[in-house]
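Residues per chain are reported as follows:
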Amino acid sequence: MSGSRVPTSGRSRILVGGRGDLIDAVAARLTAVVDFMRAQAAAGNEAFAGHLAAGHHLQYLKDTEYVREQRMVFERYLRG
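What you see is a predicted model; the values in this text were computed from it and never measured.

Cut-offs and rules
Residues numbered from 1 in each chain as written. Predicted model: local features only at pLDDT ≥ 70, side-chain atom pairs only at ≥ 80, totals over all residues. Heavy atoms only, no water. Phe/Tyr/Trp six-rings, centres within 6.5 Å; stacked < 30°, edge-to-face > 60°. Helix = DSSP H or I, 4+ residues; strand = E, 2+ residues; numbered from the N terminus. Buried < 20%, exposed > 50% of the residue type's maximum accessible area, 1.4 Å probe, protein only.

Quick look at the packing of aromatic side chains
Working step 1: If you walk through the whole model with that rule in mind, you get 2 aromatic pairs.
Working step 2: Aromatic side chains F36 and F48 sit 5.4 Å apart centroid to centroid with 90 degrees between the ring planes, which places their arrangement in the edge-to-face category. Of this pair, F36 sits in helix α2 (residues 22-42) while F48 sits in helix α3 (residues 46-53), placing them 12 residues apart in sequence.
Working step 3: Where Y66 meets F74, the ring centres are 6.0 Å apart and the plane angle is 75 degrees; that geometry is what we call edge-to-face.
Working step 4: Judged by relative accessible area, Y66 falls into the partly exposed class, the value being 41%.
Working step 5: F74 gets classed as partly exposed once you look at its relative accessible area, which sits at 22%.

Take a look at the structure:
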């Protein structure tokens, strides 16, 4: 990311700087997607069972880890 800027909107600055933490929200939503996939598979949804068997959830988990690891970078860009 050297030299590149992540575009930000006024709304993202407000979310990080004032009303809440956008970074935590992103990580929570990614985790919720995996939880939903697992719940659907456990309930017998063959499509979601197939997604889990294929390892699709692993990318969401990696993305969650990345967002948390890069928290300071994201916050810096979101705050401008």
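From this point, the discussion proceeds with the structure in view.
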